[in-house]
Amino acid sequence: MSEQTFPRAPETAVERLTEFRGPDLHDLCDAADAAIEDGGGFGWLAPPQRQAMEADWRGVLLVPERERFVARLDGVIAGRAQLARPPANNEAGRHSGTLSTFFLAPWARGRGLAAMLVQGVERAARDAGLRILNLDVRETQTRAIEVYEELGFQRWGSHPRYVYTNGGWIAGHYYYKDLSEAEELDAGA
């Protein structure tokens with residue numbers, strides 16, 4: 001009788017990105033290119049030249065009010081999200097941050113990484129003392145919208161002319177999550 005072997009489940013992880021090591025920058029650019037080509041361009045409509053994208057990713061590492069998070073599938077960067085905290089001179093807005101630049105490469109979807117990435121940003125926002133987390137998203141990014149809503153984000157508005165692409169307007173939606181309410185719910189569970 002022979003032993004039966006089963007394929008192993010892919011390893012998934014979300015981590016804070018403070019520097020690029022090994023193939024990280026290359027992997028991040030590849031994942032971003034794939035997401036952009038699939039319509040999740042987080043601003044870009046088509047993948048930019050690799051040199052421009054690399055410069056953009058390197059530059060974001062230098063911004064003190066930004067925390068970068070990456071999703072990994074078997075050690076390879078497959079997605080990214082960012083927490084933007086308000087600058088020190090924005091005392092009135094010091095309680096809220098923004099989740100931005102959220103994407104997951106199509107080849108990594110369906111493994112729970114999108115929710116893990118958003119939850120990583122939420123934890124960092126709470127740890128930074130933020131009480132509100134904001135985000136905006138194109139209406140065409142239906143899976144991202146599902147993830148946000150499943151995680152308790154509330155839509156508060158829409159913009160019918162959010163982005164212009166392929167000769168027409170696409171609407172966008174605005175969401176927020178009250179992190180203090182979510183903490184109270186977690187404590188009561």
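The structure presented is a predicted model; accordingly, all values stated were derived computationally and were not measured. (Residues numbered from 1 in each chain as written. Predicted model: local features only at pLDDT ≥ 70, side-chain atom pairs only at ≥ 80, totals over all residues. Heavy atoms only, no water.)

1. A few points about the overall build of the protein chain
Then step 1. For the protein chain, the count of helices and strands is five helices and seven strands.
Then step 2. Listing every helix and strand of the protein chain by position from the N terminus yields β-α-α-β-β-β-α-β-α-β-β-α.
Then step 3. Here the protein chain has a C-alpha radius of gyration of 18 Å; the compact-globule value for 189 residues is 16 Å, and the two agree.
Then step 4. By the burial criterion, 41% of the 189 residues in the protein chain qualify as buried.
Then step 5. Put simply, 61% of the contacts in the protein chain that link residues at least 6 apart link residues at least 24 apart.
Then step 6. For the protein chain, the accessible area works out to roughly 10,800 Å², and carbon and sulfur atoms hold 48% of it.
Then step 7. Across the protein chain, the 21 positively charged side chains and the 28 negatively charged ones have centroids separated by 3 Å. (Helix = DSSP H or I, 4+ residues; strand = E, 2+ residues; numbered from the N terminus. Rg over C-alpha atoms; globule rule 2.2 N^0.38 Å. Buried < 20%, exposed > 50% of the residue type's maximum accessible area, 1.4 Å probe, protein only. Contact = heavy atoms within 4.5 Å. Areas by Shrake-Rupley, 256 points an atom, 1.4 Å probe, with all protein chains shown as cover. Lys, Arg positive; Asp, Glu negative; His and termini not counted. Charge placed at Lys NZ, Arg CZ, Asp CG, Glu CD.)

2. Things to note about the packing of helix α1 (residues 24-37) against helix α2 (residues 50-60)
Then step 1. Remark: α1 packs on α2, axes separated minimally by 10 Å, with the N-to-C direction vectors making an angle of 115°. It follows that α1 is roughly perpendicular to α2 by the angle criterion. As for how α1 packs across α2, the hand of that crossing is right-handed. Taken together, the residues of α2 that come into contact with α1 (itself represented by L25, H26, L28, C29, D30, A32, D33 and I36) are R50, M53, E54, W57 and R58. (Axes fitted to C-alpha atoms, helices over the stretch in contact; angles between N-to-C directions. Parallel < 35°, antiparallel > 145°, perpendicular 65-115°, else oblique. Left-handed = near helix turned anticlockwise from the far one by under 90°.)

3. Describing the packing of aromatic side chains
Then step 1. In total, this model carries seven aromatic pairs according to the counting rule given.
Then step 2. With centroids separated by 5.6 Å and ring planes inclined at 50°, the aromatic side chains of F102 and Y148 adopt a geometry described as tilted. Linking F102 in strand β4 (residues 96-104) with Y148 in helix α4 (residues 142-150), this pair joins segments that are 46 residues apart in sequence. Across the pair, exposure class does not vary: F102 and Y148 are buried alike.
Then step 3. Each residue in the set F102, Y148, F153 and Y175 is aromatic and connected to the rest through ring pairs, giving one cluster. (Phe/Tyr/Trp six-rings, centres within 6.5 Å; stacked < 30°, edge-to-face > 60°.)

4. A closer look at the pattern of salt bridges
Then step 1. Under the criterion given, the structure shown has 14 salt bridges.
Then step 2. In this structure, the salt-bridge partner of D33 is R50, at a minimum N-O distance of 3.0 Å. Of this pair, D33 sits in helix α1 while R50 sits in helix α2, and the two are 17 residues apart along the sequence.
Then step 3. Judged by relative accessible area, D33 falls into the buried class, the value being 15%.
Then step 4. Across the salt bridge formed by R155 and E149, the nearest N and O atoms sit 3.7 Å from each other.
Then step 5. Of the residues examined, E149 reaches a relative accessible area of 40% and is grouped as partly exposed.
Then step 6. A single network of salt bridges, built from pairs that share partners, joins E15, R21, D24 and R72. (Salt bridge = Lys/Arg side-chain N within 4 Å of Asp/Glu carboxyl O.)

5. Side note on the pairing of strand β3 (residues 76-84)
Then step 1. Of all nine residues making up β3, eight are buried, and the element is well covered by its neighbours.
Then step 2. Connecting strand β2 (residues 66-73) to the next strand, β3, in antiparallel fashion are two residues, including D74 with a positive phi near 50°. (Pairing = 2+ DSSP bridges.)

6. Some words on the pairing of β2
Then step 1. When you tally the buried positions in β2, you get seven out of eight residues, the bulk of the element.
Then step 2. Summarising the sheet, β2 and β3 pair through eight bridges and their orientation is antiparallel. If you follow A71 over to β3, its bridge partner there is G79.

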